[in-house]
Amino acid sequence: QVQLVESGGGLVQAGGSRRLSCAASASGRTYAMAWFRQAPGKEREFVAGITWFGTRTYYADSVKGRFTISRDNAKNTLYLQMNSLKPEDTAVYYCAARREQSIVVVANAWEYWGQGTQVTVSS
């Protein structure tokens, strides 16, 4: 079992930046990790993913060039640096983990989830 706790959400103006963090409980296993988001009335969507060693990262087209995913395995922490934020980035952001090292965009392929953190971008 891996427990995930997100932090860093809040209100930010359009064009601004925010960094999300996800603290993971140590498990002795290796996990791929990802960020998803869900806006009101919409399905949960993939934002970015990263393999255990951080050698491969993947991004949704909507955030490519603006968001950066990274991880510090010594601190058991995943990050999402969000720059040039837009009102359409407003959503609850979730951290996810899976034992398979492949990054997939389908939410139900991820085994462990955090409780989410709200990010609101004002215009």
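Further up the page is the structure itself.
First, a word on what this report is: a plain description of the structure on this page.

Definitions and cut-offs
- Residue positions are given per chain, counted from 1 along the sequence in the order it is written.
- Local features are withheld for residues below a pLDDT of 70 in this predicted model, meaning they are given only at 70 or higher, and side-chain atom pairs are given and counted only at 80 or more; totals for whole chains, interfaces and linings count all residues.
- Only hydrogens and water are set aside when side-chain values are computed; all heavy atoms of the structure are taken into account.
- What counts as a helix is a DSSP run of H or I of at least four residues, what counts as a strand is a run of E of at least two, and both are numbered from the N terminus.
- Only C-alpha atoms enter the radius of gyration; for comparison, a globular chain is expected to reach 2.2 Å times N to the power 0.38, where N is the number of residues.
- In this scheme, a residue with accessible area under 20% of its type's maximum is buried, one over 50% is exposed, and one in between is partly exposed, where area comes from a 1.4 Å probe on protein chains only.
- Residue contacts are counted whenever heavy atoms from the two residues lie within 4.5 Å of one another.
- Residue exposure ignores everything except the shown protein chains as possible cover, and the areas themselves are Shrake-Rupley values with a 1.4 Å probe.
- In this tally Asp and Glu are treated as negative and Lys and Arg as positive; neither His nor the chain ends contributes.
- Lys charges are placed at NZ, Arg charges at CZ, Asp charges at CG and Glu charges at CD.
- Using protein atoms alone on a 1 Å grid, points that fit a 1.4 Å probe yet trap it form a cavity, whereas open point sets bounded by protein on both sides within 12 Å along at least five of seven lines form a pocket; residues with an atom within 4 Å of a point count as lining.
- Grid points are joined across faces, edges and corners, and a volume is the space filled by probe spheres set on the points.
- Ten residues, namely Ala, Val, Leu, Ile, Met, Phe, Trp, Tyr, Cys and Pro, are considered nonpolar, four, namely Asp, Glu, Lys and Arg, are considered charged, and the remaining ones, Gly among them, are considered polar.
- Buried residues of nine kinds, namely Ala, Val, Leu, Ile, Met, Phe, Trp, Tyr and Cys, make up a nonpolar core once their side-chain atoms join them within 4.5 Å.
- For two strands to count as paired, DSSP must find a minimum of two bridges between them.
- Inter-axis angles, ranging from 0 to 180 degrees, are taken between N-to-C directions of lines fitted to C-alpha atoms, where helices are fitted over the stretch in contact.
- Each salt bridge in this description consists of a side-chain nitrogen of Lys or Arg and a carboxyl oxygen of Asp or Glu lying within 4 Å of one another.
- The definition of a polar contact used here is a pair of N or O atoms within 3.5 Å, where within protein one atom must be able to donate a hydrogen and the other to accept one, and adjacent residues in sequence count solely through side-chain atom pairs.

Further remarks concern the overall build of the protein. Helices and strands together make up the secondary structure of the protein, namely 0 helices and 11 strands. The C-alpha radius of gyration of the protein comes to 13 Å, within 12% of the 14 Å expected for a compact globule of 123 residues. Across the 123 residues that make up the protein, the buried fraction comes to 42%. For the protein, the share of sequence-separated contacts (at least 6 apart) that also reach a separation of at least 24 residues comes to 57%. Approximately 6400 Å² of the protein is accessible, and the part contributed by carbon and sulfur atoms is 47%. Across the protein, the centroid of the 14 positively charged side chains sits 4 Å from that of the 9 negatively charged ones.

It is worth spelling out the environment of V63 at this point. Locating V63 in the fold gives a position in the loop between β6 (57-59) and β7 (67-72). Note: C-alpha distance between V63 and L85 (22 residues apart in sequence) is 9.2 Å. With residues up to four places along the chain from it excluded, the contact list for V63 reads R37 and V47.

This paragraph deals with the layout of surface pockets. The volume enclosed by the largest pocket comes to roughly 150 Å³. For the lining of the largest pocket, the secondary-structure elements that each account for two or more residues are β7 and β8 (77-82). Broken down by class, the residue content of the lining of the largest pocket amounts to 8 nonpolar, 5 polar and 3 charged.

Within the largest apolar cluster, 28 residues are counted, with the highest numbers of intra-cluster contacts made by L4, M33, W35, L80 and Y93. At the level of elements, β3 (18-24), β4 (32-38), β5 (45-50), β7, β8, β9 (91-98) and β11 (117-122) are the ones that each hand at least two residues to this core. Ranked by residue count, the leading element in this core is β9, at 4 residues. Once you skip the residues sitting within four places of it in the chain, L4 turns out to touch C22, A23, A24, M33, C95, A96, A97, Y112, W113, G114 and Q115.

It is worth spelling out the sheet that holds β3 at this point. In spatial order, the strands read β1-β3-β8-β7; together these 4 strands make up an open sheet with antiparallel pairing. The open sheet has two edge strands with one neighbour each: β1 (4-7) and β7. Here the strands of the sheet are splayed against their neighbours by 15° on average, with no regard to which way each runs.

Secondary-structure assignment places R98 in strand β9. Buried charged residue R98 carries no salt bridge. Nearest counter-charge: E100, at 5.6 Å. One polar contact links the side chain of R98 to the main-chain carbonyl oxygen of A109, over a distance of 3.1 Å. Not counting residues within four places of it along the chain, the set of residues in contact with R98 comprises T30, Y31, A32, I103, V104, A109, W110 and E111.

Counting buried positions over the 6 residues of β8 gives 5, a clear majority of the element. Relative to β8, β3 is paired through 6 bridges, and the arrangement is antiparallel. Residue pairing for β8: R19 is matched across the bridge by Q81. The sheet contact formed by β7 and β8 spans 6 bridges and is antiparallel. If you follow F67 over to β8, its bridge partner there is M82. Connecting β7 to the next strand, β8, in antiparallel fashion are 4 residues, including N76 with a positive phi near 50°.

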